[in-house]
Amino acid sequence: MAEEELPSVLILDIGGTHGVLEDLAALLKKHFHLITMKEFLGNKEEMSKKIQSVFVFECRPTIDRELLESLPNLKVIGNSGVGVDHLDLKMISSFGVKVTNTPHAVADPTADIGMALMLASARRLVEGNVLNFLGPSYFFGIPRFCCDRSDLSESVFGMLLQGKVFRGL
């Protein structure tokens, strides 16, 4: 497919501090013609007619009324994250634009990290790691605390969570 035939997507930038990661941009370029915000603002009249989608990466670009009014052919806003709290869904839908996100993309890794943090906290691994780097001279006079308990199987643990992350734990 020639670049002209690909649907145009507005992004903040490629790389840098707030831009789309370069590897992700390379993947997107296989299916879309990417237009950066700088290119868009430099030639708003021509670019605004081409853009059919906005790809929001790390809450950028900001989707506001002014941007939506300047994109007459906008059909969808794709958010790369789980939440959409940073988007005014009511305002966006008033323009007839759909919003997508990736609600379950990071549920399993989040559950993994949650479990690792609970175990690290129970065994005080952070303090033990600090002592490890301080060297053996710091161990004299310090009570054993990294393994206060011989077994965690008798421990009681409670959580008030819901959703896919909780089910992953």
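- For the protein, an unreviewed UniProt entry supplies the name HPPR reductase and the organism Tichodroma muraria.

## Quick word on the confidence of the model for the protein
- For the protein, per-residue confidence averages 84 on the pLDDT scale, and residues scoring 70 or more make up 77% of the total.
- Averaged pLDDT values over the elements of the protein bottom out at 64 in helix α8 (residues 164-168) and peak at 98 in helix α5 (residues 89-94).

## Thoughts on the pairing of strand β2 (residues 33-36)
- The side-chain alternation of β2 yields two buried faces, one formed by His 33 and Ile 35 and the other by Leu 34 and Thr 36.
- Inspection of the sheet shows strand β1 (residues 8-11) paired to β2 by four bridges, in the parallel sense. Its bridge partner being in β2, Leu 10 is matched across the sheet by Ile 35.
- Following the backbone out of β1, through helix α1 (residues 22-29) and into the adjacent parallel β2, one traces a crossover that is right-handed.

## Overview of the sheet that holds β1
- On the basis of which strands lie adjacent, the open sheet formed by five strands has the order β2-β1-β3-β4-β5 and parallel pairing. Where the open sheet ends on each side, the last strands, each with one partner, are β2 and β5 (98-100). Taking each pair of neighbouring strands and ignoring which way they run, the sheet shows an average axis angle of 25°.
- Two strands pair when backbone bridges link them, and β1 and strand β3 (residues 51-56) are joined in this way by three bridges, in the parallel orientation. Within β3, the residue paired with Ser 8 across the bridge is Ile 51.

## Observations regarding the pairing of strand β4 (residues 76-79)
- When β3 meets β4, the two strands line up parallel, connected through four bridges. By the bridge assignment, Val 56 is partnered in β4 with Asn 79.
- Here β4 runs beside β5; their pairing, made up of three bridges, is parallel. Across the sheet, the residue bridging to Val 76 is Lys 98, located in β5.
- A crossover links β4 with its parallel partner β5, the connecting element being α5, and its sense is right-handed.

Quick notes on the rules
Residues numbered from 1 in each chain as written. Predicted model: local features only at pLDDT ≥ 70, side-chain atom pairs only at ≥ 80, totals over all residues. Heavy atoms only, no water. pLDDT = per-residue confidence, 0-100. Helix = DSSP H or I, 4+ residues; strand = E, 2+ residues; numbered from the N terminus. Buried < 20%, exposed > 50% of the residue type's maximum accessible area, 1.4 Å probe, protein only. Pairing = 2+ DSSP bridges. Right-handed = clockwise from strand over helix to strand, strands pointing away. Axes fitted to C-alpha atoms, helices over the stretch in contact; angles between N-to-C directions.

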